[in-house]
Amino acid sequence: MLEKLKIKIIEKLAFWKLTNLKKVIKEHGPAFLIILIGWEITEDVLFPALFYFLGEYIPAFYALIPVSWILCLHPIAVPAIFLVYLKISNKNKDLEKVNKNKDLWHNCEHDH
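Residues numbered from 1 in each chain as written. Predicted model: local features only at pLDDT ≥ 70, side-chain atom pairs only at ≥ 80, totals over all residues. Heavy atoms only, no water.

**Observations concerning the overall build of the protein chain**
So the rule is basically this: Helix and strand definitions follow DSSP, with helices as H or I runs of at least four residues and strands as E runs of at least two, each counted in order from the N terminus. Classification of residues uses two cut-offs on accessible area relative to the type maximum, computed with a 1.4 Å probe and protein chains only: under 20% is buried, over 50% is exposed, and between them is partly exposed. In this analysis, two residues are considered to be in contact whenever any of their non-hydrogen atoms come within 4.5 Å of each other. Reported accessibility uses the Shrake-Rupley method at a 1.4 Å probe radius. Residues are deemed covered only where the shown protein chains occlude them.
Summing up its helical and strand segments, the protein chain has 4 helices and 0 strands in all. Helices (α) and strands (β) of the protein chain occur, in sequence order from the N terminus, as α-α-α-α. Residues counted as buried form 17% of the 112 residues belonging to the protein chain. Residue pairs at least 24 apart in sequence account for 61% of intrachain contacts in the protein chain once pairs closer than 6 positions are excluded. Roughly 9,400 Å² of accessible area belongs to the protein chain as shown, and the carbon and sulfur atoms make up 71% of that amount.

**Let's talk about the side chain of glutamate 43**
Considering the arrangement of structural elements, one finds glutamate 43 in helix α2 (residues 18–55). Apart from the residues lying within four places of it in its own chain, the contact partners of glutamate 43 are Pro48, Ser68, Leu71, Cys72, Leu73 and His74.

**Some points on the packing of aromatic side chains**
What counts, and what does not: Ring pairs are drawn from Phe, Tyr and Trp, using the six-membered ring of Trp, whenever the two centres fall within 6.5 Å, and their geometry is named by plane angle: stacked under 30 degrees, edge-to-face over 60, tilted for the rest.
On inspection of all chains with the given rule, the structure shows 7 aromatic pairs. Measuring from centroid to centroid gives 6.2 Å for phenylalanine 82 and tyrosine 85, while their planes differ by 25°, and the two rings are stacked. Separated by 3 residues within a single helix, phenylalanine 82 and tyrosine 85 lie in helix α4 (residues 74–106), roughly one turn from each other.

Quick look at the structure:
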């Protein structure tokens, strides 16, 4: 069981090797940049605004406004969001392949 866990961890970490990272960034660079900038806006603007709004009702939330600027969640949030994006985009590519195959089938000249 521990050996299987070790193998799974090694496989997951292989994604972050420099050679694989270069390939992924080259293919998905703009998406990664948008995710990074979107997270920066969320962390520095939306979270403090949300905590200010919630502080109007529960004053303890006011204390979280500076925490959202001090605590950096980029190393956790950006890769997690990017991996979700990769999963979704791969599913869309698979669906495009299936639809393309269906179109080829329906364009046949002979009777079914």
